[in-house]
Number of protein chains: 2
Amino acid sequence: MAPRQAHRRARVAGAAIDEPSTELWGPEFAEVARRLLSSAVLCFARNGFHATTTRDVTAGVGLSPGALYVHFSTKEDVLFAVVRVGHERALAELGDQGSGEGAAEEVADLVRRFVAWHARHHTVARICQYELAGLEPDHVECVRELRQQINQVFRRAVARGVDAGVFDVADVDRAARAIISLGVDLVRWYRLDGPDSPDALAAEYAELALRMLGTRPV
Amino acid sequence: MAPRQAHRRARVAGAAIDEPSTELWGPEFAEVARRLLSSAVLCFARNGFHATTTRDVTAGVGLSPGALYVHFSTKEDVLFAVVRVGHERALAELGDQGSGEGAAEEVADLVRRFVAWHARHHTVARICQYELAGLEPDHVECVRELRQQINQVFRRAVARGVDAGVFDVADVDRAARAIISLGVDLVRWYRLDGPDSPDALAAEYAELALRMLGTRPV
DNA sequence: TCACAGTGACTATGCGCTCAGTCACCTTCA
DNA sequence: TGAAGGTGACTGAGCGCATAGTCACTGTGA
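Residues numbered from 1 in each chain as written. Chains lettered and ligands numbered in written order. Predicted model: local features only at pLDDT ≥ 70, side-chain atom pairs only at ≥ 80, totals over all residues.

A. Molecular detail of the relation of the copies chain B and chain A. Once chain B is rotated about the relating axis by 180° and shifted along it by 0.0 Å, it coincides with chain A to within an RMSD of 0.0 Å. What the rotation and shift describe, once combined, is the action of a two-fold rotation axis. Both copies share a contact surface, since 100% of the interface residues of chain B are interface residues in chain A too. (Least-squares fit on C-alpha atoms with pLDDT ≥ 70 in both. Contact = placed C-beta atoms within 7 Å.)

B. View of the nonpolar core. In terms of nonpolar packing, the biggest core is built from 122 residues, with V82, V107 and A209 of chain A together with V82, V107 and A209 of chain B touching the most fellow members. Excluding residues that lie within four positions of it along the chain, V107 of chain B makes contacts with A157, V158, G161, A209, L210 and L213 of chain B. (Core = buried A, V, L, I, M, F, W, Y, C linked by C-beta atoms within 7 Å. Buried ≥ 20, exposed ≤ 12 C-beta atoms within 10 Å, placed from the backbone.)

C. Inspection of the domain arrangement of chain A at higher detail. All names here are of chain A. Domain boundaries in chain A define domain 1 (21-77) and domain 2 (82-212). Taken together, the 12 residues of domain 1 in the interface contact 11 residues of domain 2. Per-element accounting of the side of domain 1 that touches domain 2 gives the leading share, five residues, to helix α1 (residues 31-47). Residue composition of the side of domain 1 that touches domain 2, grouped by class: eight nonpolar, three polar and one charged. (Domains from an automatic or database assignment. Helix = DSSP H or I, 4+ residues; strand = E, 2+ residues; numbered from the N terminus. Nonpolar A, V, L, I, M, F, W, Y, C, P; charged D, E, K, R; others polar.)

D. Structural context of helix α9 (residues 198-212) of chain B. Relative to the 21 Å expected for 15 residues at 1.5 Å per residue, α9 of chain B spans 21 Å between its end C-alpha atoms, a close match to the ideal helical length. Buried within α9 of chain B we find L201, A202, E204, Y205, A206, L208, A209, L210 and M212 of chain B. Contacts from the buried residues of α9 of chain B go to α8 (172-189) and α9 (198-212) of chain A together with α5 (103-120) and α8 (172-189) of chain B. A positive phi of about 60° marks G214 of chain B, the residue just after α9 of chain B. (Expected span 1.5 Å × (residues − 1).)

E. Representation of the interface of chain B and chain A. Facing 25 residues of chain B, the contacting portion of chain A comprises 26 residues. Of all elements in the fold, only α6 (122-130), α8 and α9 of chain B reach the threshold of two or more residues within the side of chain B that touches chain A. Broken down by element, the residue count for the side of chain B that touches chain A peaks at seven residues, all from α8 of chain B. Considering only residue class, the side of chain B that touches chain A consists of 11 nonpolar, eight polar and six charged.

F. Structural view of the environment of L132 of chain A. All names here are of chain A. Checked against the element boundaries, L132 lands in the loop between α6 (122-130) and α7 (137-163). In the structure, L132 is positioned 26 residues away from E106 in sequence and 30 Å away in space, judged by C-alpha atoms. When neighbours within four sequence positions are excluded, L132 is seen to be in contact with V140 and V143.

G. Region of the structure containing α8 of chain B. Taking 1.5 Å per residue as the helical rise, α8 of chain B with its 18 residues ought to reach 26 Å, and the 27 Å between its terminal C-alpha atoms agrees with that figure. A maximum bend of about 25° is found in α8 of chain B at S181 of chain B. (Bend = angle between axes of the 7 residues up to and from the residue.)

H. Up close: the environment of L36 of chain B. Residues and elements named next belong to chain B. Within the secondary structure, L36 sits in helix α1 (residues 31-47). Its 26 C-beta neighbours within 10 Å are what place L36 among the buried residues. Separated by 25 residues in the primary sequence, L36 and V61 place their C-alpha atoms 6.6 Å from one another. Not counting the four nearest positions on each side in its chain, L36 is found in contact with V57, V61, L68, H71 and V78.

The following block contains the structure:
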């Protein structure tokens, strides 16, 4: 038999020039669990969930294979923790809505936060988008609910602008979805060492979003 | 030990209510190879490349396990065929460019074709986007080149409009990328049995693209 | 009779998860 | 103060199963 995965990339997490995913895991996880999660993020992003072994993850933090199961019940449990927290943080980043500002400024604000978060955390965000197939059905359902909430935030903001006559769109749902697409798709190509800083990209995309909405002065 | 992948979805390709991926594979593949590819598309889309077994693929067309290796040298070879052909077809769909029409109409045309293709072939397109991690480095490189060509088509069309003063964009590359993002991201959520037909969505997105480009009459 | 598509039992190996054992550290109490 | 007993994070060899790929064989059509 030919080597099963001869083309696999380097297995173990190198220096994370890339992203401080450590900061994402709140106090719900113990210190070692958080380091395991950060290692898992790098492994999953590099090789995908199924091609990552539990040994890759533990080796990434200098532990032996069994150590994973002190903190997580299964490998899938690790993936779910990553994906769940990723979605929760993205949702939280959108902040408390309904502040007094105008609809256009509100949408621009949402897009800026959403895009900047996805750019800054593109590695985790990529796993959130690409590795759903590795989750159990119950966990997929949980993620779907979180996404629904994110969609609703954008949808409401767009609808508000349409009601106020600030936006001119054919269909609120489609417009909201297109805006979200801009933010989500950047996890496919974004690199922190590329030409665009998260904030610059965020500002640019906020502008594009307002254009798509046909914004006009009140 | 707990069952390794207890949460796996149904393994074998059911009736393809979904997509005539059969039409994609040209005469470069024999009849049986084409059916294997179509089965692989359904399996990969449902479970992901790594979670799909060679038996899933062959069972999907009623063949025994060894039959795969009559037509393909490895499982990865099957994935590569799917991804390569998917990208080639998407590129071909953009058609012969540089027709005499105006830049705005050219961009609208490109977006319509690109979006309609991705909607119609969303299953294959999803594999093209989500399963690159399963490819050997050489094959990834080949795909990257095809993508580069697709990017260039959009970039050139946008640049042409900017030169002609028809578009008003801050940065040609970012604008082109945003347009492509709209098309690509729909593979994440699009369903053929949803409310939007490929052509309706294509028309809508062409409109959004022109808005993002700040189109104004010559 | 030959070429070859297809078969299916088989091989080799990778990998998720287990579990008896170790060790650093803490608590208790004489 | 320090011995005794307890705790739990971590170790790492190893089990059992899944699965990519092989090969000697079979059936078929030209």
